[in-house]
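Fold and contact review
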Amino acid sequence: GNLVAVLAHANRGDQVILGDKTHLYQWEAGHLSSLASCVMTPVPNQDDGTIALADLEAAVCPDDPHYPRARMIALENTHGGCAGAA
């Protein structure tokens, strides 16, 4: 389901920002890169599973044709990497 969601919201070469402890980043065999051709940009997850807004803002690539276009922020509603926190 996660890959389908990314394919529905992002295009090849787009940037997907996600937590560094998310299932999508850690345990899905890099399919965002290999199958969806998206650039993953991990940002630190807090202990409670959240992501600091400053980290999200800093992760967005500049509006420049040499960088991927920030298209999606992938969040998890139950966070296995943070003891089930949301």
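Residues numbered from 1 in each chain as written. Predicted model: local features only at pLDDT ≥ 70, side-chain atom pairs only at ≥ 80, totals over all residues. Heavy atoms only, no water.

1. A few points about the overall build of the protein
Counting secondary structure elements, the protein contains four helices and three strands. From first element to last, N terminus to C terminus, the protein shows the α and β order α-β-α-α-β-α-β. Relative to the globule expectation of 12 Å for 86 residues, the C-alpha radius of gyration of the protein, 12 Å, shows essentially globular dimensions. Along the three orthogonal principal directions, the C-alpha set of the protein runs to about 40 × 30 × 15 Å. Within the protein, the fraction of its 86 residues that count as buried is 31%. Put simply, of all contacts in the protein between residues at least 6 apart along the chain, 64% involve residues at least 24 apart. Here the protein has roughly 5200 Å² of accessible surface; of this, 54% comes from carbon and sulfur atoms. Each charge class in the protein was averaged separately, 4 positive and 10 negative side chains, and the resulting centres sit 10 Å apart. (Helix = DSSP H or I, 4+ residues; strand = E, 2+ residues; numbered from the N terminus. Rg over C-alpha atoms; globule rule 2.2 N^0.38 Å. Buried < 20%, exposed > 50% of the residue type's maximum accessible area, 1.4 Å probe, protein only. Contact = heavy atoms within 4.5 Å. Areas by Shrake-Rupley, 256 points an atom, 1.4 Å probe, with all protein chains shown as cover. Lys, Arg positive; Asp, Glu negative; His and termini not counted. Charge placed at Lys NZ, Arg CZ, Asp CG, Glu CD.)

2. Examining unusual backbone geometry
Even without being a glycine, Ser37 presents a positive backbone phi close to 60 degrees. Checked against the element boundaries, Ser37 lands in the loop between helix H3 (31–34) and strand S2 (39–43). On the accessibility criterion, Ser37 (25% relative accessible area) is partly exposed.

3. Looking at the nonpolar core
In this structure, Val6, Ala10, Val16, Leu18, Leu24, Leu32, Ala36, Cys38, Met72 and Ala74 together form the largest nonpolar core, which totals ten residues. If sequence neighbours within four positions are ignored, Leu24 has contacts with Asn2, Val6, Leu18, His31, Leu32, Ala74 and Glu76. Ranked by size, the runner-up nonpolar core spans five residues in total, among them Val43, Ile51, Leu56 and Ala59. (Core = buried A, V, L, I, M, F, W, Y, C linked by side-chain atoms within 4.5 Å.)

4. Looking at the pattern of salt bridges
With the rule as written, the count across this model stands at two salt bridges. One salt bridge connects Arg71 with Asp14, and the closest N-O pair in it is separated by 3.4 Å. Separated by 57 residues along the polypeptide, Arg71 in strand S3 (residues 70–74) and Asp14 in the loop between helix H1 (2–9) and strand S1 (15–19) bring together distant segments of the chain. Overlapping salt bridges, with partners in common, bring together Asp14, Arg69 and Arg71 in one network. (Salt bridge = Lys/Arg side-chain N within 4 Å of Asp/Glu carboxyl O.)

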